[in-house]
Structure formats: structure tokens, C-alpha cells
Amino acid sequence: MSVISEAQVHHGHINHPHQQQAVPLWLVAFTILLPTSFTMLATSATNVAMPHIAGFFGSTLDEANWVITSYMIANAVLIPLTGWLERLMGRVMFLKVFLSIFTLGSIICAAAPTLNTLVIGRVIQGIGGGPMMPISQAILIAAFPFEKRGNAMALFAFAVMVFSILGPTFGGFIVDNSAWQWIYLINIPVGIFSIVLVHCNVREIQNREIPKKVDFIGLSALVLWLLTMQIVLDKGQQYNWFDTAWVCWLAGISFFSFIFFIVWELECKNAIVNLRVFKDKNFFIGTILGSSVNMIIYVTILLLPQFLQSLMGYTAMLSGMSLAPRVISCIIMLCFIGKMVEKIDNRILVCTGFIFLALSTFMYANLNLQISFSYVILPNVLMGVGVILVFIPISALCLGTLPKSELSNGAGLHSLCKCVVTAFVVSMSSTLVARLSQVHQTYLVGNLSNFNPNYQMRLSHMAGNFMSSLPSVSAIHKAGKFYYNQLIEQARLMSYVDAFELFALIAICLVPLGLFLNVDFQKKEKAKKRN
């Protein structure tokens, strides 16, 4: 099977199969999904390497977090510009330029002599990697015939979801067995090879509408909104949020920049993004559901390894390996999801997927400090099944009712919403764990009272154990500290449990929303195929 030119495609309908180009579909898919996979891998693999990066440059973990923040800001700014830049530069040149930028950023990151240089490299990486996810989704939907879109989205999910989930495992293996620089070095040959593949296999858009003016005001509002928002999210917990004046100012600037950006883009004739695509019901609901899936995936990717490393004493590699069952179940599901999308009502798949997500997240809420490594296997397997059951139908339904001319724009906006929601919720989840831990600590500390006979008995017994090597006063102090440390661990454990229960509840509440998606266009296409 080969690629069908976009000049032969009108508003989601494919013309006759004899009008085909010479490049096979699988080769086009490989060409665009290879760099997409490695941009996702580099993003999530960096997270587990942060303590090693901070130690290498002699910085604090808060300072090193700018390595992640800088990438997310640059990434988020470029994502909604995908459609506009593609029309301006042409698809082939667009891909070559941004793959070159991503490769350059990887070189700078790998060779960075200082933390500031690494942050600059990550900004360049974010600029190059930002458009890869939306452009890949748009190209796949445009290139694959309607009856093969399930397979197309399965390939897209493999590149985006599987490699995102695989990132912590890959990053943990690298930092435990080699230098963290290899996280970025591996992207260099992949980037060069991808540029060659794009030159040989990707076809230019025919009769594209080239933007005549640049919407500098809209672009400035977008950059200001995302920049200030990310700084607030990244530094809010450290500076106690709105107790600090500059956080309040930045939050206000971010909010008003966001409102101005929306109003301006709706009224501007040469807008960089077309926000009116949200009038499409499938795109609107699909974006909510897609953002929610991302939210649950990344919250669990963040909180589970964090729990295992901070409370269970796991290494970076072991905590990353805890997510491996999710990768395996994702890959197995990808083998069947194409046929399931064709045979089963996609709304049922979406609702079932959210039930799996809710069940697996609720199982995380039963964590305790005595669990074995095998305990996290089943919830991770269920999570992988739920992710694919939701992600594949949503990817097709969300953009399936948009005109071909709006595919790149819609994919960019869809990815932007997922990026913003993910950044917001990941930041809030860290704050949630910290604040809930303080709440539980306040309640639990009442048990460590001199008027609690059970505590006094245990304290005396523990102090007696220490008296063999310490004076009595020191032994009592050490026993008290021992039980206080246990209290802190229990309080933090309860905060993780509360966070997982909250996100399980959110997943359950989203189940009915999938029923409001429109699948009529799929039924028409299937009927047309039978005729």
C-alpha cells in the first residue's frame, strides 16, 4: 500500500486507490515516527536523571529542575504553531529544519560544561521537538485510508505513549550504568538519519495556502502566557505559592495573557492558530478526554517512581523498571486495537478504557511500605490496557471530523492542551502530595504524646535497645527520632494514597463523557466501503 497525495483528499475522504504515490505507507510512518519516539523518550528519561545532573554540576535539585522546565516551555510554545509553520515553510522543509534544531540541541546538552549551557540546549531541543507530535499525527491521518486509521493511530500511540512510559526505565538504566549524557547522545545519530529519511520519503503538500502576515501580537501573547505559567507552576511550591508577591504577579500576567491570546486569535484575520476548531464537538470532547488520559499517565509516571525511590529505597533503574509492565501491555494491546477500532463502537472502547484507568489508579491507592516489586505489576498492566483503549479511538475521533486544511492546526491545539494540562496537573500533584503529607503529619503527631501509654511503652522498649551503646538520655532522644521519622514516612505514604484516589475518581467521572462523541462519520465511511 502506498501514500495517497493530499491533493487527492478532500475533507477527510479518500479518492480512488489508483491515484497513488510510490512511497509505501509503512515507510512514511517509520520516517515521521522515529524522531517522534526519541523526542518523547528524551523528555521522560530526563526526569529520573535529575539527581545525577544536579550532582554533576554541583547545583540544587530546584536549580536543576530548569532542565525540565525550559524544555516544556519551548515545547509548549512551538506546539500550537505547527499548522501555521507548516503552511509557511512547507512540510518537507519544516520537518528538516526542526529535526536539525532538535539534533543541535542534543549535541549542546551532551557537551554542556555548565548547568546554564544545558538549559540552553534543552530550550533548543524543545523548539525542535515541540512540533513533532502534532505533525506526526496530522501526516498519519492524512496519509492512511479511513479503514486503516486505527492502525495509523496504533503506530502513533506506540511512538508517543510507549516511548514516554519507557523513558524512566531507559533513563534509569543509563544513569545507573553509564553517564547521563548518553540520554542526549543517542538522539544525535537518530536525528541525522531522520533528516535523510524525510528528504527521501515525505511528499510536499500540494497547493498549500502560505500565510502572508505574521501574527506577532498573538505569538507574543502565547509566549508570555506559557512562560509565566510554567515559572509559576515550577516555582510555586518552593515559594509557597501566593504567599509570595512575584508569584502573584506572574500568575496574574499569565491569566490575562491567556485571555488576551484567546480574544485576539478569535478576532485576528491572520491568526497563528484557529481556535474556532473547538466548535467541532468531537474535537472539543476529544481534547478533554485526551488531556485527561495524559494527566493520569504522567501523574502515575511521576508519583509511582517518586514513592518507590523516596520511601522504598529503590534505585533509579528499579523505579523505572516498575513501569515496564505498562509498556508490555501497551505493546500487546497495539497488536489488537486496530481491528477493535474497526469492529467495535469507539465510544464503548473509550468508556471501557477509562474504567481500566480508574481501576488501575485505585489499585495504586493500596500501596504500603511492605509491598513487593511484584505488587505494582497488575495495576501497571491494567493502566497500559486502559491507555490504548482510550488513546487510539480518541486520536482518530478528535481529528476525524475536521477538514483536511485544519488537521495540522487541530493536532497542534490538541497537543498544546495536553501539554498545558499535563504541566499543570503534574505540578499540582507534587504540591498535593506535599500539602497532604503535612495534614496527615498534623493528625498523626498527636499519637506521639507523653499521655499515650502505648507510645510510651514502645519508646521505652526502643530506648532500651539503644542503651547498649549510648547513654540513657541519648538513647531516649534517638528512640523518639526513630518514631518521628516513621510518622513522617506514614504521613507521606497517606498523601500518595490520597493523590491516587483523587485521580481514580476523576477517571470514573470521565467515563460517561465518551458517550457524547460523534461516530456517525465512521458509520458512513464503513457503509461506503461495503458498497
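Here, the structure is the one placed above.
Residues numbered from 1 in each chain as written. Predicted model: local features only at pLDDT ≥ 70, side-chain atom pairs only at ≥ 80, totals over all residues. Heavy atoms only, no water.

Another point: the overall build of the chain. Per the secondary structure count, the chain includes 22 helices and two strands. On C-alpha atoms alone, the chain measures out to a radius of gyration of 25 Å, which is about the 24 Å that the 2.2 N^0.38 rule sets for 531 residues. Along the first, second and third principal axes, the C-alpha set of the chain runs to 90 × 50 × 45 Å. In the chain, which comprises 531 residues, the share counted as buried stands at 55%. For the chain, restricting intrachain contacts to residue pairs at least 6 apart in sequence, the fraction spanning at least 24 positions comes to 81%. Total accessible area computed for the chain in this model is approximately 22900 Å², and 67% of it derives from carbon and sulfur atoms. (Helix = DSSP H or I, 4+ residues; strand = E, 2+ residues; numbered from the N terminus. Rg over C-alpha atoms; globule rule 2.2 N^0.38 Å. Buried < 20%, exposed > 50% of the residue type's maximum accessible area, 1.4 Å probe, protein only. Contact = heavy atoms within 4.5 Å. Areas by Shrake-Rupley, 256 points an atom, 1.4 Å probe, with all protein chains shown as cover.)

One can find Phe-170 in helix H9 (residues 149-177). Between the alpha carbons of Phe-170 and Ala-42 there is a distance of 9.3 Å; along the sequence they are 128 residues apart. Every residue in contact with Phe-170, bar those within four places of it in the chain, is listed here: Leu-41, Ala-45, Ile-183 and Ile-186.

Over its 12 residues, helix H8 (residues 132-143) runs 16 Å from end to end, which matches the ideal 16 Å to within 8%, given 1.5 Å per residue. Extensive coverage of H8 is indicated by the burial of 12 of its 12 residues. Among the residues making up H8, those that are buried are Met-132, Met-133, Pro-134, Ile-135, Ser-136, Gln-137, Ala-138, Ile-139, Leu-140, Ile-141, Ala-142 and Ala-143. (Expected span 1.5 Å × (residues − 1).)

A word on the packing of aromatic side chains. Scanning the entire structure with this criterion turns up 12 aromatic pairs. Between Phe-307 and Tyr-496 the ring centres are 5.6 Å apart and the planes differ by 75°, which places this aromatic pair in the edge-to-face class. Of the two residues, Phe-307 sits in helix H14 (residues 281-310) while Tyr-496 sits in helix H21 (residues 472-510), which places them 189 residues apart along the sequence. Comparing Phe-307 with Tyr-496, the two get one shared label, buried. With a centroid separation of 5.2 Å and an interplanar angle of 35°, the aromatic rings of Tyr-364 and Phe-500 are classed as tilted. You can see Tyr-364 sitting in helix H17 (residues 346-364) and its partner Phe-500 sitting in helix H21, a full 136 residues away along the chain. Judged on exposure class, the residue Tyr-364 and its partner Phe-500 are both buried. Taken together, Phe-56, Phe-57, Trp-180 and Tyr-184 form an aromatic cluster joined through their ring pairs. (Phe/Tyr/Trp six-rings, centres within 6.5 Å; stacked < 30°, edge-to-face > 60°.)

Evaluated as defined, the whole model comprises zero disulfides. For the unlinked cysteine Cys-268, the closest cysteine sulfur is that of Cys-417, found at 19 Å. Classification of Cys-268 by relative accessible area gives partly exposed; the value is 21%. The thiol sulfur of Cys-330 is not disulfide-bonded, and the nearest other cysteine sulfur, from Cys-335, lies at 11 Å. (Disulfide = S-S within 2.5 Å.)

It is possible for side chains bearing opposite charge to pair when their charged atoms get close. Under the criterion given, the structure shown has one salt bridge. For Arg-347, the salt bridge goes to Asp-345, with nearest N and O atoms at 2.9 Å. (Salt bridge = Lys/Arg side-chain N within 4 Å of Asp/Glu carboxyl O.)

Moving on, we get to the side chain of Glu-265. When you line up the elements, Glu-265 lands in helix H13 (residues 245-267). Ignoring any residue separated from it by four or fewer positions in sequence, one finds Glu-265 in contact with Asp-215, Gly-218, Ala-271, Ile-272, Val-273 and Leu-275.

Let us now look at helix H5 (residues 82-89). Here H5 has its buried residues at Thr-82, Gly-83, Trp-84, Leu-85 and Glu-86. If you follow the buried residues of H5, they end up packed against helix H4 (66-78), helix H6 (91-111), H8 and helix H19 (407-444).

Moving on: the nonpolar core. The tendency in soluble globular proteins is for nonpolar side chains to be buried side by side. Residues Ile-53, Leu-118, Phe-307 and Ile-392 are the most contacted members of the largest nonpolar core, which totals 148 residues. Core analysis: the second largest hydrophobic core is formed by eight residues, Tyr-455, Leu-459, Ala-463 and Ala-475 among them. (Core = buried A, V, L, I, M, F, W, Y, C linked by side-chain atoms within 4.5 Å.)

Take a nonpolar patch on the surface next. On the surface, a nonpolar cluster with roughly 410 Å² of combined accessible area is contributed by Phe-255, Phe-256, Ile-259 and Val-263. Inspection of the secondary structure puts Val-263 in helix H13. (Patch = residues over 30% accessible without salt bridge, like charges linked within 9 Å, V, L, I, M, F, W, Y side chains within 5 Å.)

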